[in-house]
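# Descriptive structure summary
So the chains spell out like this:
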Amino acid sequence: MSFNILVAYDGSDLSRKAVEEAKKQVKLAEDAVLHIVTVISNGGPTVNVALARSFMNDLAEEARPAVESIREELKEAGVACKADILMDYTFRNPASQLIDYAKENEIELIVLGSRGLGGVGRFFLGSVSSQIVHQAECKVLVVK
């Protein structure tokens, strides 16, 4: 049975640091699998559902090359890795999607940056990292 580690990646410098920390954690666990996960949230226009979904799909396509690049980099370093982009069409905090993913994939450790790309809505620890710290059923490592 493998040791599953989830890294929340949003393109920020801190999420990149989280990837680097996760690479270190992989070396400490036998048969570790690293899951690089990006959540695309419903942050665009909501009056028109089709327009909102189109906007989110565009964001996912923009994120895909960076996520795939990290996956390839890890693969070349000999790290077993999966990469996923999750679409959240609700108004939930992206942490909810990450927590659900962690449960569904038997994640044993979540690694994430203390703050992401968010602006006004992110205070102190950050709303995503704070929610994950408080609600995740597994270990959480927050990178500063």
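Criteria and thresholds
- Residues numbered from 1 in each chain as written.
- Predicted model: local features only at pLDDT ≥ 70, side-chain atom pairs only at ≥ 80, totals over all residues.
- Heavy atoms only, no water.
- Axes fitted to C-alpha atoms, helices over the stretch in contact; angles between N-to-C directions.
- Helix = DSSP H or I, 4+ residues; strand = E, 2+ residues; numbered from the N terminus.
- Parallel < 35°, antiparallel > 145°, perpendicular 65-115°, else oblique.
- Left-handed = near helix turned anticlockwise from the far one by under 90°.
- Contact = heavy atoms within 4.5 Å.
- Nonpolar A, V, L, I, M, F, W, Y, C, P; charged D, E, K, R; others polar.
- Pairing = 2+ DSSP bridges.
- Core = buried A, V, L, I, M, F, W, Y, C linked by side-chain atoms within 4.5 Å.
- Buried < 20%, exposed > 50% of the residue type's maximum accessible area, 1.4 Å probe, protein only.

Further remarks concern the packing of helix α1 (residues 13–28) against helix α2 (residues 49–76). Running from amino to carboxyl end, α1 crosses α2 at an angle of 20°, the nearest separation of the two axes being 12 Å. One element, α1, and the other, α2, form an angle in the roughly parallel class. For the crossing formed where α1 meets α2, the hand is right-handed. Seen from α1, the contacting residues are Arg16, Val19, Glu20 and Lys23; seen from α2, they are Ile70, Glu73 and Leu74. The class makeup of the residues in the contact of α1 with α2 is 3 nonpolar, no polar and 4 charged.

The sheet built from 5 strands is open, its strands ordered β3-β2-β1-β4-β5 with parallel pairing. Every interior strand has two partners, whereas the edge strands, β3 (80–88) and β5 (139–143), have only one. The average undirected angle you get between the axes of adjacent strands in this sheet is 20°. Pairing between strand β2 (residues 32–41) and β3: 9 bridges, direction parallel.

Moving on, we get to the nonpolar core. Judged by nonpolar contacts, the single largest core of 24 residues is most densely connected at Ile5, Val7, Leu34, Ile36, Leu74 and Val111. For this core, the elements supplying multiple residues, two or more each, are β1 (3–8), α1, β2, α2, β3 and β4 (107–113). A per-element tally of this core places α2 first, with 6 residues. Non-local contacts of isoleucine 36, meaning those with residues more than four positions away in its chain, are made with Val7, Tyr9, Val19, Val67, Ile70, Leu74, Cys81, Lys82, Ala83 and Asp84. Grouped together as the second largest cluster of nonpolar side chains are 16 residues, Ala8, Val37, Ala95 and Ile132 included.

With respect to the secondary-structure elements, valine 79 resides in the loop between α2 and β3. The spatial distance from the C-alpha of valine 79 to the C-alpha of lysine 27 is 8.8 Å, given a sequence separation of 52 residues.

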